Amino acid sequence: MLAVLFGDPFAAMNTVGLVAFALVGASKAVREEFDLFGVAVVGLAMAFAGGVTRDLLVARVPLALRSPVEILLGLVGVALAVGLSARLASPDEHPLTVAADAVGLAAFATTGAIVATDAGVSAFGVVAVATINAVGGGALADVLLDRPPFILFEDFYASCAVLGGVAYWLVGTLGAPSGVAAAACAAVTVGVRLLAVAYG
Amino acid sequence: MLAVLFGDPFAAMNTVGLVAFALVGASKAVREEFDLFGVAVVGLAMAFAGGVTRDLLVARVPLALRSPVEILLGLVGVALAVGLSARLASPDEHPLTVAADAVGLAAFATTGAIVATDAGVSAFGVVAVATINAVGGGALADVLLDRPPFILFEDFYASCAVLGGVAYWLVGTLGAPSGVAAAACAAVTVGVRLLAVAYG
Amino acid sequence: MLAVLFGDPFAAMNTVGLVAFALVGASKAVREEFDLFGVAVVGLAMAFAGGVTRDLLVARVPLALRSPVEILLGLVGVALAVGLSARLASPDEHPLTVAADAVGLAAFATTGAIVATDAGVSAFGVVAVATINAVGGGALADVLLDRPPFILFEDFYASCAVLGGVAYWLVGTLGAPSGVAAAACAAVTVGVRLLAVAYG
C-alpha cells in the first residue's frame, strides 16, 4: 500500500495533493454551512478537478476513474475537515488549512509537470498543464460555492504554479533526474505561495 | 439497420436513450416557447451531452461524431416532441414524457456502465461514468433553458443512476454476462426513478 | 520555419487563424480597457480555445501544448492588436479587425474539417468539429469579457462555418484532393461571412 501511495515522485505528490485539496475544499464548504453531502462533494471536486482536466488534456483516461485508492484519499481529506470543523470556528482560515492549500498547490503543480513531460508536450505545455492541474480544483470549488474564482483575483496563486512548472522544466532540461525536478517544482511553488501569504 | 440500432446491449440502450432524451429535451424547449431551431438544439444537446462527456472521459472520439445514425435518432426524438406538442398543452409534463425521461436515464446509465467497464476503470469509475452519462444531458438542457439544473435539487434523479451503476458492477463482478448486468442496471435505474416520481 | 508555418493546408490555415483570432480577441479586450495581462489572456484564449476543443474531441493531445510555435503566433496577434490600439480609438470595430475575424473563422473551420476528416468521423462529425473549431474561440472570449456570446445572436456567424464544413465534405467526397477541399471550405466561410457583414 505504501508503494502505491508514495512509490515514486508522481504517486507521493498525488497522494499529498488529494488529501490536502479535499481538506481545503471541504473546509470552505463547512464555512458556507453546506450539509455533509455538500461538504463531501465540494471536497472531492477540489481534489479531483485539476487532475481530471490534466488527464483529458494529455488524452488519457482520468486517474480518478482508474485508481481504486484516489476516492479514498479524497474522503480522508473530507473526514479531516469535518473533524477540524468540530473544534474550530473558521476551519477554512486556520493556518493548517492555509498551509494545506499551499502544499496541495505545489503537489499538483508537480504531478501536472510530470504527466505533461511524460506526454511529450512543449515547454509551454509543461507549464500550462502544471498550472491547470494546480489551480483547477480551487477554481471549481469556488464555482460550486458560488464565489468569484479567487485564482483570478489573487496575484500570487496561479503564478506560484507557473513558477513551479518553469522550475520543473528548467531543472529537467539541465539534465537532472525527474525526482530532482519534481522536488524543485514543489519547493518553488510552496515557497513562493507561503511567502505571498506571509507578506501579501 | 436493425443490427446497427439494436445488435447488442450497448446499441439497443443507446438507440432508446437518444430518442427518449431528444424527445424530453425538445419538449422542455417547446414549453419555453423556443422556435423550431431552438427546440432541435435543446433536444439534440440533451440526447448527446452525456455520451460525449462519457467518451471524452474514456479518451475516445465521441460516438456522436463517428456514427452516421446518432444524429438521425436524435432528430426522430425531436420530431416526436414537435408532433406531441401539436396535441398537448404541456408536453414536458405529460406521463409519456416523464416515462421517456426515466427510460432515457436508465438507458444512458447502462451505456455509461458498459463503456466504462470496457475501458477498464475502477468500480468507482464505472458508477461515476454511468451517472455522468445518465444526467449530463438533462443538466446541459437546463443550462440552455436558463433553469437551475434540477438534477442538483431532486433527491432521486442522479441517485437512480448511481444505484443502476452499482447494480451493473455488482452483477458483473458476480460473474454474470454483460447483457444480464446491463438489464439489471436498466431495471434498477428505471424502477427507482418511476417509484420516486410516483411517491415523491 | 516557413515549412512549419505554411508547409501544408493545415499548417497554413492554423498559422493564419492563430494570428487573426489573437488579434481580434486582444482588440476586444483593449476596447474593454483590460490591462496588458488581461489583453494577452483574452487574445490567447480566443486563438487557442477552438483548436483545443477540436483536439479533445478527436482524442489527441492539443496541438497548443505540443507545438513550440503556437504560443508565439498568438503573441504576434496580441502585439498587433496592441500596436493598432495606439493608433485607433476602437480597434475592435476597425475594418481590419472585422476582416481578421472573418479570416480566422474561415481558417479554423478549415483546420477543424481537416483534423476531423483525418480522425475518420462521420459527415456530421466533420461539420460539427469544423464549426466548433471556428466559433469556440469567439465564444470563450465573450465569456471572459462578460458579454453574451454573440455567436448565439448573430445569424450568419456559426452558419458560415457550417457551410464551410459542408463544402469541405462535399468537395472531398467528390474526389478532390485535400488541398482543394480546404480552399473551398475557407473560401465559402470567409465569403459568406463578409457578405453577411456587408449586407446584414
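Scroll up for the structure.
Residues numbered from 1 in each chain as written. Chains lettered and ligands numbered in written order. Predicted model: local features only at pLDDT ≥ 70, side-chain atom pairs only at ≥ 80, totals over all residues. Heavy atoms only, no water.

*Asks:* Would you explain the overall build of chain A in this entry?
*Replies:* The number of helices and strands found in chain A is nine helices and zero strands. Its C-alpha atoms give chain A principal-axis dimensions of about 50 × 40 × 25 Å. Residue burial in chain A is summarised as follows: out of 200 residues, 52% are buried. Pairs at least 24 residues apart make up 71% of the contacts formed inside chain A by residues separated by at least 6 positions. In the form shown here, chain A has an accessible surface area of approximately 8400 Å², with 71% of it arising from carbon and sulfur atoms. Each charge class in chain A can be summarised by its mean position, and for the 8 positive and 14 negative side chains these summaries are 4 Å apart. (Helix = DSSP H or I, 4+ residues; strand = E, 2+ residues; numbered from the N terminus. Buried < 20%, exposed > 50% of the residue type's maximum accessible area, 1.4 Å probe, protein only. Contact = heavy atoms within 4.5 Å. Areas by Shrake-Rupley, 256 points an atom, 1.4 Å probe, with all protein chains shown as cover. Lys, Arg positive; Asp, Glu negative; His and termini not counted. Charge placed at Lys NZ, Arg CZ, Asp CG, Glu CD.)

*Asks:* In this structure, what is going on with the interface of chain A and chain B? I would like to understand it.
*Replies:* Interface size, as often reported, equals the accessible area lost upon joining of the parts. The interface of chain A with chain B comprises twelve residues on the first partner and ten residues on the second. Note on chain A versus chain B: buried area summed over both sides is about 790 Å², and carbon and sulfur give 77% of it. For the chain A face of the interface with chain B, the top three residues by lost area are V61, L65 and I71 of chain A, together amounting to 59%. Here chain A and chain B share zero salt bridges between them. Only α3 (36-57) and α4 (63-66) of chain A provide two or more residues apiece to the side of chain A that touches chain B. Taken together, the residues of the side of chain A that touches chain B sort by class into nine nonpolar, one polar and two charged. (Buried area = accessible area lost by both parts, 1.4 Å probe. Salt bridge = Lys/Arg side-chain N within 4 Å of Asp/Glu carboxyl O. Nonpolar A, V, L, I, M, F, W, Y, C, P; charged D, E, K, R; others polar.)

*Asks:* For this particular structure, what's the right way to read the relation of the copies chain C and chain B?
*Replies:* Think of it as a corkscrew move, a rotation about one axis and a shift along it, taking one chain copy to the other. Least-squares fitting of chain C to chain B yields an RMSD of 0.0 Å, with the superposition described by an axial translation of 0.0 Å and a rotation of 120°. Overall, the copies show the geometry of a three-fold rotation axis. Using C-alpha coordinates, one finds that chain C approaches the rotation axis most closely at A59 of chain C, a distance of 3.3 Å. Looking at the interface residues of chain C, only 20% of them are also at the interface in chain B, so each copy uses its own face. (Least-squares fit on C-alpha atoms with pLDDT ≥ 70 in both.)

*Asks:* How do you make sense of the pattern of salt bridges when you look at a structure like this?
*Replies:* Charged atoms that come close allow side chains of opposite charge to pair. Residue and element names in this part refer to chain A. All told, the structure shown has 15 salt bridges over all chains when counted by the stated rule. Salt-bridge contacts for R147 lead to E32; the nearest nitrogen and oxygen are separated by 3.0 Å. Here E32 lies in the loop between α2 (9-31) and α3 and R147 lies in the loop between α7 (123-144) and α8 (158-173), a separation of 115 residues in the sequence. The class for R147 is partly exposed, based on a relative accessible area of 26%.

*Asks:* Sorry if this is basic, but what is going on with the relation of the copies chain A and chain B here?
*Replies:* For these two chains of identical sequence, chain A goes onto chain B by a turn of 120° and a shift of 0.0 Å along the axis, with RMSD 0.0 Å. A different interface surface on each copy is seen, since only 17% of the contact residues of chain A are contact residues in chain B too.

*Asks:* Please clarify how unusual backbone geometry should be interpreted in this entry.
*Replies:* Residue and element names in this part refer to chain A. Unlike most non-glycine residues, D146 shows phi in positive territory, near 60°. Of note, D146 is situated in the loop between α7 and α8. We classify D146 as exposed; its relative accessible area is 72%.

*Asks:* I tried to follow the nonpolar core on my own but got confused; where do I start?
*Replies:* Soluble globular proteins: nonpolar side chains tend toward being buried together. One finds L65 of chain A together with L105 and Y168 of chain B to be the most contacted residues of the largest nonpolar core, which totals 56 residues. At ten residues, helix α2 (residues 9-31) of chain B tops the list of elements feeding residues into this core. (Core = buried A, V, L, I, M, F, W, Y, C linked by side-chain atoms within 4.5 Å.)

*Asks:* Help me understand the interface of chain C and chain B, please; the structure alone is not making it clear to me.
*Replies:* The partner chain B presents twelve residues to the ten residues of chain C that form the contact. Taking both partners together, chain C and chain B bury about 800 Å²; carbon and sulfur atoms supply 77% of that area. Its largest share of buried area at the contact with chain B, chain C owes to L57, S122 and F124 of chain C, together 56% of the area lost on that side. Linking chain C to chain B there are zero salt bridges.

*Asks:* Looking at this structure, how should I read the packing of α2 of chain B against helix α5 (residues 70-85) of chain B?
*Replies:* Two quantities define a packed helix pair, namely the angle between the axes and the distance from one axis to the other. Residues and elements named next belong to chain B. Packing of α2 against α5 leaves a shortest axis separation of 7 Å and a crossing angle of 40°. Relative to α5, the element α2 lies oblique. For the element pair α2 and α5, the recorded crossing hand is right-handed. Counting all contacts with α2, which are made through N14, T15, L18, V19, A22, L23, A26, S27 and V30, the residues of α5 involved are E70, L73, G74, V76, G77, V78, L80, A81, L84 and S85. Classifying every residue of the contact of α2 with α5 gives twelve nonpolar, six polar and one charged. (Axes fitted to C-alpha atoms, helices over the stretch in contact; angles between N-to-C directions. Parallel < 35°, antiparallel > 145°, perpendicular 65-115°, else oblique. Left-handed = near helix turned anticlockwise from the far one by under 90°.)

*Asks:* Before we go on, may I ask you to explain the side chain of T189 of chain C in this structure?
*Replies:* Residue and element names in this part refer to chain C. You can see T189 is positioned in helix α9 (residues 178-199). Classification of T189 by relative accessible area gives buried; the value is 0%. Within the structure, T189 has its side chain in polar contact with the backbone oxygen of C185 (distance 2.8 Å). When neighbours within four sequence positions are excluded, T189 is seen to be in contact with L105, A106, A109, C160, A161 and G164. (Polar contact = N/O pair within 3.5 Å; in protein donor to acceptor, adjacent residues only side chain to side chain.)

*Asks:* Could you clarify how one ought to interpret the environment of V129 of chain C in this entry?
*Replies:* Within the secondary structure layout, V129 of chain C lies in helix α7 (residues 123-144). Separated by 36 residues in the primary sequence, V129 of chain C and G165 of chain C have C-alpha atoms spaced 8.4 Å apart. Not counting chain neighbours up to four residues away, the residues in contact with V129 of chain C comprise L65 of chain B together with R54, G112 and A116 of chain C.

*Asks:* It is not clear to me how helix α6 (residues 95-118) of chain B should be interpreted in this structure. Could you clarify?
*Replies:* Note that an α-helix has 3.6 residues per turn; residues three or four places apart therefore point the same way. All names here are of chain B. Compared with the 34 Å implied by 1.5 Å per residue over 24 residues, the 35 Å span of α6 between its first and last C-alpha is a close match. With 17 of its 24 residues buried, α6 lies for the most part within the structure. In the stretch just after α6, G120 is the one whose phi turns positive, near 75°. (Expected span 1.5 Å × (residues − 1).)

*Asks:* Where do I start with the packing of aromatic side chains in this structure?
*Replies:* Each aromatic ring pair is characterised by the separation of its centres together with the angle its planes make. Tallied over the entire structure, the rule returns four aromatic pairs over all chains. Plain terms: the ring middles of F124 of chain A and F48 of chain C are 6.5 Å apart, the flat faces sit at 35° to each other, and that makes the pair tilted. On the criterion of chain membership, the pair formed by F124 of chain A in helix α7 and F48 of chain C in helix α3 (residues 36-57) is interchain, its members lying in two chains. When the ring of F21 of chain C is compared with that of F108 of chain C, the centres are 5.3 Å apart and the planes differ by 70°; the resulting orientation is edge-to-face. (Phe/Tyr/Trp six-rings, centres within 6.5 Å; stacked < 30°, edge-to-face > 60°.)

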